[in-house]
Number of protein chains: 2
Amino acid sequence: MAAQSTLNDPTAVTERTESHAIESVSIRSTVETHRDGSYKLLFDYFRNYTKFPLSSTDEGLIRDAFKLKKVRRRQFLVQEGDVSKYICFVIFGALRIYSVNERGQEAVVAFALEGNWMSDWESVVTQTPARYYIDAVDHSEILQVSPAELHALEAKIPAIAEFLRLEQRSVAVTTQKRIHTAISMNAEERYQDLLEHHPEYFQRFSQNMIASYLGIKPETLSRLRKR
Amino acid sequence: MAAQSTLNDPTAVTERTESHAIESVSIRSTVETHRDGSYKLLFDYFRNYTKFPLSSTDEGLIRDAFKLKKVRRRQFLVQEGDVSKYICFVIFGALRIYSVNERGQEAVVAFALEGNWMSDWESVVTQTPARYYIDAVDHSEILQVSPAELHALEAKIPAIAEFLRLEQRSVAVTTQKRIHTAISMNAEERYQDLLEHHPEYFQRFSQNMIASYLGIKPETLSRLRKR
DNA sequence: TTTCATTTTTGATAAAAGTCAAAGTATGGC
DNA sequence: GCCATACTTTGACTTTTATCAAAAATGAAA
């Protein structure tokens, strides 16, 4: 399966991580501070989301496991048929995961912005070929970790173990809400729901992508917006 | 959120647990064997799904944590607004989780048959009022466990810890597939998809419920079936 | 078996969303 | 700043699905 993390249910956490994302963008002039800024967002993420402390030793272990990667706009991280190796944490930029059906129509399953996680879990976990594409909507910087490395960290760092527990729950909560929205609301209601819960998506993603996320055609979204 | 477990991705496991479900039904004449038969399905479930052994001591701990409950047709396990206390494992029968919108329309989020798990995870995990109703579609027998007890078992029994890891993943995989189906397929395609992946639902649930699960009206489902 | 309630089907019509084509509008790469 | 490309909007029309009403079919209880 595919999943964007939304551990941003607790509002306070989201806001803190997002402010750090901005910080990491503003200092990305030198390689060294940039690196630090990138990992700092991740460390703060673990610290804010769980109640466990994170020592500088822990930080070192995390730094070794998570590889920094820069991707340009439209660059693929995963293509359909690949066996996906990594789970991604977005430092800045935006990712999207989507499928393409036999008619060539795209369906956006999830977006990920700064401080969100993104992975084709089914592929990563079961080591089967991905059903989805993951690509960068904007120039982005991400941290990649393999499930094996993450599992190894889990045994050493309680904050990571706790994170994984909460993360999986959060994915389940988020996806279930989306099922509910998809099966019980019409196009207009889904649009209003997205406006309410993810107004930032409208700043960051094209109408085409938003329409695809809502499961409607761009023309229909355009008409909804006119009202 | 709400989630039906579908740890039945590995086909072999599903088939073994389902055969046990039938067994437990056939021996439900005396209280003692019935009890044993019920728990046996759960033990086998843990054994088949993970590679860790389960000692008789472990079985005793599990027996203490999971409470057997019988529910009659249409009986509610959770009502909207309740703070849900338990995670359920279905021994026999069928459960359904659904929402009711302001117009009184129901939307079935998930079904659970023998060997499946059912819970309003959001409510159970965050101790917030449930958005959903869970009720029995048929006379059913279920095992209930609180998240706290399950967490306690996790520390003592590796098979349980492994189960929880895999279970959460599985919920995520299943729900993600459902999102994909919901946003990228039309009514006919969703119907065909359900026929292919869950033909048993058509034996166990009314057309009304199936339609609701597919996000269409009963009249539309009836017309699709005519083809 | 008969009866009553519920579920499913059918038909006519309405509303929602999709399709196709074309005209505007942005915008990112040079 | 310009151009080519991609994105968004608009209009006319089609298809899909919902709605409403009523008739069959089913099935559970007396």
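## What to know about the overall build of chain A
Inference 1: When you go through chain A residue by residue, the secondary structure sums to 10 helices and nine strands.
Inference 2: Residue burial in chain A is summarised as follows: out of 227 residues, 41% are buried.
Inference 3: Taking the contacts inside chain A whose residues are at least 6 apart along the sequence as the reference set, 72% of them involve residues at least 24 apart.

## With respect to the protein's contact with DNA strand C
Inference 1: Residues in close proximity to DNA strand C total 17 residues, the closest being N186, A187 and T220 of chain A together with Q207 and S222 of chain B.
Inference 2: For the surface near DNA strand C, the secondary structure elements donating two or more residues are α7 (187–197) and α10 (218–226) of chain A together with α9 (207–214) and α10 (218–226) of chain B.

## A short note on the protein's contact with DNA strand D
Inference 1: Neighbouring DNA strand D are 16 residues, the closest being Q207 and S222 of chain A together with N186, A187 and T220 of chain B.
Inference 2: Looking at which element gives the most residues to the surface near DNA strand D, the answer is α10 of chain A, with six residues.
Inference 3: The residue inventory of the surface near DNA strand D, partitioned by class, reads three nonpolar, six polar and seven charged.

## Structural notes on the interface of chain B and chain A
Inference 1: The partner chain A presents 25 residues to the 25 residues of chain B that form the contact.
Inference 2: Breaking the side of chain B that touches chain A down by element, the ones donating at least two residues are β6 (106–112), α4 (121–126) and α6 (158–184) of chain B.
Inference 3: Ranked by residues supplied to the side of chain B that touches chain A, first place goes to α6 of chain B with 14 residues.
Inference 4: For the side of chain B that touches chain A, the residue count by class is 13 nonpolar, eight polar and four charged.

## Side note on the sheet that holds strand β3 (residues 76–78) of chain A
Residue and element names in this part refer to chain A.
Inference 1: Strands sit in the order β3-β8-β5-β6 across an open sheet of four strands; the sheet is antiparallel. Since the sheet does not close on itself, it has two edges, and those belong to β3 and β6 (106–112), each with one partner. Across this sheet, the average inter-strand angle for adjacent strands is 30°, counted without regard to direction.
Inference 2: In this fold helix α9 (residues 207–214) packs onto β5 (95–100) and β6, with an angle of close to 100° to the strand it touches most, β6.

## Looking at the relation of the copies chain B and chain A
Inference 1: Superposing chain B onto chain A requires a rotation of 180° together with a translation of 0.0 Å along the rotation axis, leaving an RMSD of 0.0 Å. Put plainly, the chains are arranged around a two-fold axis.
Inference 2: Looking at chain B, 100% of its interface residues are interface residues in chain A too, so the copies touch through the same face.

## Focus on the packing of helix α7 (residues 187–197) of chain B against α10 of chain B
Residue and element names in this part refer to chain B.
Inference 1: Running from amino to carboxyl end, α7 crosses α10 at an angle of 70°, the nearest separation of the two axes being 11 Å. By the angle between their directions, the pair α7 and α10 is classed as roughly perpendicular. Residues A187, E188 and Y191 of α7 form the contact with α10, whose participating residues are T220, L221 and L224.
Inference 2: Classifying every residue of the contact of α7 with α10 gives four nonpolar, one polar and one charged.

## Focus on the sheet that holds strand β5 (residues 95–100) of chain B
Inference 1: Here four strands make up an open sheet; going across it, the order is β3-β8-β5-β6 (chain B) and the pairing antiparallel. Whereas interior strands pair on both sides, the edge strands pair on one side only; in this sheet they are β3 (76–78) and β6 of chain B. The mean inter-strand angle of the sheet, taken between neighbouring strand axes irrespective of direction, is 30°.
Inference 2: Sheet topology note: the β5 of chain B/strand β8 (residues 133–136) of chain B ladder contains four bridges and is antiparallel. Of the residues in β8 of chain B, the one forming a bridge with L95 of chain B is A136 of chain B.
Inference 3: Most of the contacts of helix α6 (residues 158–184) of chain A go to β6 of chain B, to which it runs at about 130°, and overall it touches β5 and β6 of chain B.
Inference 4: Strands in contact with α9 of chain B are β5 and β6 of chain B; relative to β6 of chain B, the strand with the most contacts, it is inclined by about 100°.

## Some thoughts on unusual backbone geometry
Inference 1: One non-glycine residue with positive phi stands out, namely R74 of chain A, at about 75°.
Inference 2: Turning to its location among the elements, R74 of chain A is positioned in the loop between β2 (67–71) and β3.

## A short note on the environment of Y213 of chain B
All names here are of chain B.
Inference 1: Here Y213 shows up in helix α9.
Inference 2: With 23 C-beta atoms packed within 10 Å, Y213 lands in the buried category.
Inference 3: Along the primary structure Y213 and Y191 are separated by 22 residues, whereas in three dimensions their C-alpha atoms are 9.9 Å apart.
Inference 4: Setting aside residues no more than four positions away along its own chain, Y213 makes contact with V108 and F111.

## Some details on the pairing of β5 of chain A
Residue and element names in this part refer to chain A.
Inference 1: Note: β5 against β6, six bridges, orientation antiparallel. Considered in β6, the bridge of I97 is made with A110.
Inference 2: Here β5 folds back onto β6 in antiparallel fashion, the turn holding five residues, of which G104 has a positive phi close to 85°.

## Description of the environment of E106 of chain A
All names here are of chain A.
Inference 1: Locating E106 in the fold gives a position in strand β6.
Inference 2: As for E106 and L95, which are separated by 11 residues in sequence, their C-alpha atoms are 15 Å apart.
Inference 3: Excluding residues that lie within four positions of it along the chain, E106 makes contacts with Y98, V100 and S212.

## What about the environment of K51 of chain A?
Inference 1: Position of K51 of chain A relative to the elements: it lies in the loop between α2 (31–49) and α3 (56–65).
Inference 2: Separated by 115 residues in the primary sequence, K51 of chain A and L166 of chain A have C-alpha atoms spaced 12 Å apart.

## Remarks on the confidence of the model for chain A
Inference 1: Counting all residues, the mean pLDDT for chain A is 82, and 84% of those residues have values of 70 or more.
Inference 2: In the model, residues 1–35 of chain A has pLDDT below 50 throughout and makes 80 contacts with residues more than four positions away in sequence or in other chains.

## Examining the pairing of strand β8 (residues 133–136) of chain A
Inference 1: Direction of pairing for β3 of chain A relative to β8 of chain A: antiparallel, over a ladder of two bridges. Following the sheet pairing, F76 of chain A is matched in β8 of chain A by D135 of chain A.

## What about the packing of α3 of chain A against helix α5 (residues 147–156) of chain A?
Geometry of a packed helix pair, given as the angle between the helix axes and the separation of the axes.
Residues and elements named next belong to chain A.
Inference 1: Between α3 and α5, the least distance of the axes is 10 Å, while the angle of their chain directions is 170°. It follows that α3 is roughly antiparallel to α5 by the angle criterion. In this structure, α3 contributes L61, I62 and A65 to the contact, and α5 contributes E149, L150, L153 and K156.
Inference 2: Across the contact of α3 with α5, the residue classes tally to five nonpolar, no polar and two charged.

Basis of the calculations
Residues numbered from 1 in each chain as written. Chains lettered and ligands numbered in written order. Predicted model: local features only at pLDDT ≥ 70, side-chain atom pairs only at ≥ 80, totals over all residues. Helix = DSSP H or I, 4+ residues; strand = E, 2+ residues; numbered from the N terminus. Buried ≥ 20, exposed ≤ 12 C-beta atoms within 10 Å, placed from the backbone. Contact = placed C-beta atoms within 7 Å. Near = placed C-beta within 6 Å. Nonpolar A, V, L, I, M, F, W, Y, C, P; charged D, E, K, R; others polar. Pairing = 2+ DSSP bridges. Axes fitted to C-alpha atoms, helices over the stretch in contact; angles between N-to-C directions. Least-squares fit on C-alpha atoms with pLDDT ≥ 70 in both. Parallel < 35°, antiparallel > 145°, perpendicular 65-115°, else oblique. pLDDT = per-residue confidence, 0-100.

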